[in-house]
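Spelled out from the first residue to the last, the chains are:
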Amino acid sequence: MRGIIGFIAMLQGAVGFIGQVFFDGGWGLLPHWFDLPSVAYLGVFAAGAALAVWGDVDKKRQRSGIGREAV
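Before going into details, it helps to say that this report is about the structure given with it. (Residues numbered from 1 in each chain as written. Predicted model: local features only at pLDDT ≥ 70, side-chain atom pairs only at ≥ 80, totals over all residues. Heavy atoms only, no water.)

**Considerations on the packing of helix α1 (residues 2-22) against helix α3 (residues 38-64)**
Convention followed: All axes are obtained by fitting lines to C-alpha atoms, using only the stretch in contact for helices, and the reported angles, taken between N-to-C directions, cover 0 to 180 degrees. Each helix corresponds to a stretch of at least 4 residues labelled H or I by DSSP, and each strand to a stretch of at least 2 residues labelled E; elements are numbered beginning at the N terminus. Comment on the angle field: the value is read as roughly parallel under 35 degrees, roughly antiparallel over 145, roughly perpendicular from 65 to 115, and oblique elsewhere. Crossing handedness: left-handed means the near helix sits turned counterclockwise from the far one by under a right angle, and right-handed means the same turn made clockwise. Think of it as three bins: nonpolar holds Ala, Val, Leu, Ile, Met, Phe, Trp, Tyr, Cys and Pro, charged holds Asp, Glu, Lys and Arg, and polar takes everything else, Gly as well.
Running from N to C, α1 and α3 point in directions that differ by 160 degrees, and their axes come no closer than 7 Å. The orientation of α1 relative to α3 falls into the category roughly antiparallel. Classified by chirality, the crossing of α3 by α1 is left-handed. Considered class by class, the residues forming the contact of α1 with α3 number 15 nonpolar, 9 polar and 2 charged.

Okay, structure coming up:
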């Protein structure tokens, strides 16, 4: 679930930054709710990337059995 939320946050951060820097206004859902500077969109992208990587690493760790406690 973290990976999906992270991917959505990455998309919102990327389109918001691209729209605000290269065009007349931010794109996506965030500009409808918040008035953010361009750097904040990069922060949203970075936070989304961190969530996506965390979810992927956790999923791989659960599949391999690393980190499970002995019963």
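From this point, things continue past the structure.
**Quick notes on α1**
As a reminder of what qualifies: One fewer than the residue count of a helix, multiplied by 1.5 Å, yields its expected span. A 1.4 Å probe rolled over the protein chains alone gives each residue an accessible area, and that area as a share of the maximum for its type sets the label: buried under 20%, exposed over 50%, partly exposed in between. Residues count as neighbours in contact if any of their non-hydrogen atoms are within 4.5 Å of one another.
Given a rise of 1.5 Å per residue, 21 residues ought to cover 30 Å, and the 30 Å separating the end C-alpha atoms of α1 matches this to within 8%. Within the span of α1, buried status applies to G6, A9, Q12, G13, G16 and G19. Tucked into the core, α1 has its buried residues touching α2 (30-33) and α3.

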